[in-house]
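Secondary and tertiary structure notes
Listed here are the chains, written in short residue letters.
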Amino acid sequence: MMLTVDRLRLGFAAGKRVLAAVDGISFSIAKGETFALLGESGCGKSVTAQGIMRLLPPAGRVLGGSVSMEGQSLLTLPEADMRAWRGGRMAMIFQEPATSLNPVLTVGQQIGEVLERHLGMTGAAATGRMVELLRQVGIADPERRLNEYPFQFSGGMKQRVMIAIALAGEPELLIADEPTTALDVTVQAQILDLLVRLQAERGMAILLITHDLGVVARMAHRIGVMYAGELVEVASREAFFSQPRHPYTQALFKALPDMSRRGQRLTTIPGQVPSLAAMPAGCRFAERCARVMPVCREQSPVWRDEQSHAVRCHWRDAGVDADAAGGGHEITDLSVSAGKEFLRVADLKVHFPIRKGLLQRTVGHVRAVDGLSLAILPGRTLALVGESGCGKTTVGKALLQLIPPTEGSVLLGGQPLVGLRGARLRSARRHMQMIFQDPFASLNPRLRVGEIIAEGMDALAVVGDARSRRETMAALLTQVGLPEEAIDRYPHEFSGGQRQRIAVARALAVQPSLLICDEPTSALDVSVQAQILNLLKKLQSELGVAYLFITHNFAVVEYLAHDIAVMYLGRIVERGRAEEVLRTPKHPYTQALLSAIPLPRLEGATAVIRLSGETPSPANPPSGCHFHPRCPHAMDVCRSRYPEPVDVTATQRVSCHLLP
Amino acid sequence: MMGFQIVLLWSDILIWLLVAAGVGLGVLIVRTPPLLSAWRNVGANRVGMASATVLLAFVLIGLLDSLHYRVALEGKPGQKTQYAVEVLSVLDALVTPLRTRNEKTYSEPFATRLYAKETVDVPGQGTVREYPRLKYGGKHLAEREDEVAADAGFTAFRAGVLAFLGWLAVAGIVSGVVGHGEAPGTGWRRIWRGETAFAWDAVLVTLALMLLVAVPLFWLSGQYHVFGTDKVGQDVLYQILKSVRTGLIIGLVTTLVMLPMAVLLGIVAGYYRGWVDDVIQYIYTVLNSIPGVLLIAAAVLMMQVVIDTHPQWFSTAAERADLRLLALCFILGITSWTGLCRLLRGETLKLRELEYIQAAQTFGVSSWRIIIRHILPNLMHIVIIALVMDFSGLVLAEAVLSYVGIGVDPTMTSFGTMINNARMELGREPVVWWSLTAAFAAMFILVLAANLFADAVRDAFDPRAA
Ligand SMILES: Nc1ncnc2c1ncn2[C@@H]1O[C@H](COP(=O)(O)OP(=O)(O)O)[C@@H](O)[C@H]1O
Ligand code: SF4
Ligand code: SF4
Ligand SMILES: [Mg+2]
């Protein structure tokens, strides 16, 4: 074994106490193997990685255990020797490519530093090696790129540079902490491919940290599931995906939204990961476990090992998932007949001026939304999907008139919204509300939950005396699954999922007919995401609200959407009913997007269409079909003329020259 | 009982308004849990609470000095009562001996004789040049002039014992309150083991130190000039006490002037952006590029001309000095709002993009309501930090400005005027060091306490400091 972690315990000093964040985890990684650490946020994955690298934050403490690599114990090494290991024999890449590069040094300088430090390479030899490294990680024109600064690179390219830096010292072990979480699916697929290729070439071991079961299925050879600072299940990829044994792992799988679960409630994991200060004595998952038994609360379970599939659980029949969901594609609600349109958007354009120079002259426009048409039907869900920066959020805000559209019309029940002001705009807004991505930024921390919910009621003059208002608020909170006492509490007392519920309650307070949800679950863990999706689904069936669901997560789309619109650089390239778009995508971009999603299944890694490059800047879109620089089917006509939309079926409409 | 007339100076009104605002803010804080928990953190900070205790003592002196009155003159019955031209404060009344027992000129701390030789007629010896006895300093010693050290030491010791007893009483009450409803002695133990949420131990230690210094000092000041006397024979301790109010007014009232301007313009610029922002940025950039001292000098001199040409506006010299003080506060406020304004503008720019603000906009909440409900409360920590930090800067600025002669009215006692006067004395041989030293020490303690308190506040309120 190349890396062996044995009963490692890591903690943080909090006042006079030291709280254990990682509590006795043991695993090992062989040469050329990818070991995935999986778990919800806050369960200690990143601390483990930092502990192995000996890069704990100042309050961090090693409480016990050992880490050894190639027989050398790392925790007892003097710091000076450790520096030679770091970068030289083990390297790390981080989640946020934007902040992990030094902005004032060129890419060449940053790679050169590692080469000099660990291989003693300088001058021409080093430059040659750098060019080679950048080429290996798939950066075109590496000679020129070496002298550029990080801000001249896009997110995916920065992550490639990070990988190049990590590889420069020719490490035997690469620790990747959520390396693709901040990236789009198409870019994620590129980076994951790159890692697999590099691993095959160099026989590196990879410790991959992630919360995404899809990424695990694509990458890992063996998997360790972490919960509240402990490993609870360790298994090979095959065993893990064919028969997860720990109740927590099983719940994670069941919480995943996807097509096969449409119409069903997702299984949620109630409650939250216990805080470091209040770790239960027995099984740490007991509070949330569906299989909990009295013994679980008293005694911490020990490892049970069966054919390279180890589990820490008292539950004996582990593996026999009794109430496994009865599969079945419930697609009845897909065929719901279309009613009268509720909101119609025609040829919507939002251009942001680019100003430059002393006089702030407008030198161009960011065409964030560039001629988009949509219709939303009452009680249905339209998903707007696309990569980041394609203009989805801008569409949502322009619909609400938070950003004035440059051109085009928005009709709400036949009444034009663009240009409305004052009281008339306010009364129109009553019909549409928005739920934002980040539940931590969307609630004012200085107001009580009651005041937050009352805000919309006040502004839109939803009437009532103090008592009936309080009753209304209580009813709203109950509806979103929060206790009534929440009214008098402050947002910081709630977890991410609960805050998102408050945001939903606030929007519902004015009884809108349309909720615009801008990535409402992308900041949440899978188990919490499931709660919010269940809630949204329940509210739709009870209240008949329509959703415009803005997202880049196809699993969520599959689960929730009736209709799908795929957006690329400010325009819709394909739209249709969910079934049509997901099963028979016609546009090459949709096809590529769908195939880039890593599926959380054994057979997940099917042949995929790989897109090269990233979304171009909306300030300067390519001529003709915006997609042609990345399209595998691009033809001459694509470069000169934007394709007209073609109706494939009565409901599916695609803009591509491939279609007659 | 003599009659008196209450005199309300403008600065008194402002300072009491500030006290009222402080009390109001306190009530607000108690009602707002997030603010309360931040202030609890301040309360748990030992250094912060120790400095707050010192500041509180200064504030107390300043407040006592902000209740003014004029004494009625004795007149013939039936005539309209006339009032003295001299405006006194409650503090003056409390320390009457200090105020009235003036010597002829300089005398050293604890001296019994003047610092300058004079020609005196000694019966039998004709005229001799010698250091004459002080009128008041050490008078009770009569012939035993060489026993000053012993006498002062003994008095100080007695006073110290008394101070200690007083402190014990206070500490006893505090521990009674802390350990309310528990076994006797628990409160005391909890305080000294640092187990209380509020840093009582720091407060009590500071209080002990303050009492041990202040009580003997005041006791002795009845018999000696503990800090010496100045050129016109006035007690330096008295001047220090009077300077405290001037410093506090400069530090507090100035913020009153600058705060509305900085907050309003900063938020408006950040929230509305566009041309409003351009105009406001233009104003503060221009203001920032004019040398501040020049601007202040010009404004103060102009104000002085106005004051001099309208003597009919003022019935007493105190009112005239007061107006000049306010003018100084005003002009300092005008020149110092830009920093805070810039900070608030930046923060507002960030806040306005936050989703809860946009959520409010989707409800059609009006801009002013958004500013008041959502933006202002989330800027409060910056405002509080800036205010506390600015205070010490302003106190120092006053000293510097008075030193170059464009500060407060020369008749008004302030740290600056004291230092300015001491400047001349430093050239003398032998040197007159006590005025400057005392002024410097007092100002140092005030500013240091303010700075330490500011640090504690910043630690508690600034999310990035954690
Ligand atoms: N206020 C703005 N000023 C200039 N450009 C903007 C502004 N808001 C968004 N953009 C640009 O518009 C494009 C679309 O952004 P957005 O709608 O946020 O995309 P998405 O929601 O798909 O991530 C991006 O290129 C973004 O940089
Ligand atoms: S030990 Fe008990 S509580 Fe813990 S996961 Fe197993 S069954 Fe659930
Ligand atoms: S129009 Fe051409 S470039 Fe665009 S998607 Fe179709 S085939 Fe590709
Ligand atoms: Mg977005």
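Residues numbered from 1 in each chain as written. Chains lettered and ligands numbered in written order. Predicted model: local features only at pLDDT ≥ 70, side-chain atom pairs only at ≥ 80, totals over all residues. Heavy atoms only, no water.

As for the overall build of chain B
A tally of helices and strands in chain B yields 16 helices and 5 strands. A principal-axis box enclosing the C-alpha atoms of chain B has dimensions of 100 × 70 × 55 Å. When burial is assessed residue by residue, chain B has 45% of its 466 residues classed as buried. Contacts spanning at least 24 positions in sequence make up 71% of the contacts within chain B whose residues lie at least 6 apart. (Helix = DSSP H or I, 4+ residues; strand = E, 2+ residues; numbered from the N terminus. Buried < 20%, exposed > 50% of the residue type's maximum accessible area, 1.4 Å probe, protein only. Contact = heavy atoms within 4.5 Å.)

Describing the sheet that holds strand E13 (residues 343–356) of chain A
All names here are of chain A. What the 4 strands build is an open sheet, ordered E14-E13-E16-E17; its pairing is antiparallel. Edge positions in the sheet fall to strand E14 (361–376) and strand E17 (415–416), since each of these pairs with one other strand and no more. The pairing of E13 with strand E16 (residues 407–412) spans 5 bridges and is classified as antiparallel. Within E16, the residue paired with Val345 across the bridge is Val410. Relative to the sheet, helix H13 (residues 392–399) contacts E13, E14 and E16, its axis offset from that of E13 by approximately 115°. (Pairing = 2+ DSSP bridges. Axes fitted to C-alpha atoms, helices over the stretch in contact; angles between N-to-C directions.)

Topic: the state of the cysteines
Using the criterion set out here, one finds 0 disulfides over all chains in the structure. With no disulfide partner, A:Cys43 has as its closest neighbouring cysteine sulfur the one in A:Cys283, 14 Å distant. (Disulfide = S-S within 2.5 Å.)

Quick word on helix H4 (residues 107–119) of chain A
Residues and elements named next belong to chain A. The end-to-end C-alpha distance of H4 is 18 Å, a good match for the 18 Å that 13 residues give at a rise of 1.5 Å each. Those residues of H4 not exposed but buried are Val107, Gly108, Gln110, Ile111, Gly112, Val114 and Leu115. Where the residues of H4 are buried, they touch helix H5 (123–136), helix H6 (142–145) and helix H7 (155–168). (Expected span 1.5 Å × (residues − 1).)

A word on the domain arrangement of chain B
The assigned domain composition of chain B is domain 1 (145–221) and domain 2 (236–465). Between domain 1 of chain B and domain 2 of chain B, the C-alpha centre-to-centre distance is 35 Å. (Domains from an automatic or database assignment.)

Digging into the pattern of salt bridges
Residue and element names in this part refer to chain A. Within this structure, the stated rule accounts for 41 salt bridges over all chains. Between Glu387 and Arg630 there is a salt bridge, and its shortest N-O distance comes to 3.3 Å. Here Glu387 is found in the loop between strand E15 (381–385) and H13, whereas its partner Arg630 is found in the loop between helix H21 (588–596) and helix H22 (636–640), with 243 residues between them in sequence. Taken as a pair, Glu387 and Arg630 share a single burial class, namely buried. Linked through salt bridges whose partners overlap, the residues forming this network are Arg9, Asp23, Glu230, Arg284 and Arg312. (Salt bridge = Lys/Arg side-chain N within 4 Å of Asp/Glu carboxyl O.)

Here's the deal with the nonpolar core
Judged by nonpolar contacts, the single largest core of 68 residues is most densely connected at A:Leu38, A:Ile223, A:Phe240, A:Tyr248, A:Ile453 and A:Leu477. Considering every element that reaches this core, the biggest residue donor is helix H18 (residues 526–543) of chain A, with 8 residues. With near-sequence residues (within four places) excluded, A:Ile223 lies in contact with A:Phe35, A:Ala36, A:Leu38, A:Val216, A:Glu233, A:Val234, A:Ala235, A:Ser236, A:Arg237, A:Phe240 and A:Phe241. Counting residues in each nonpolar core, the second largest holds 42 residues, with B:Val54, B:Phe391, B:Trp434 and B:Val447 among its members. (Core = buried A, V, L, I, M, F, W, Y, C linked by side-chain atoms within 4.5 Å.)

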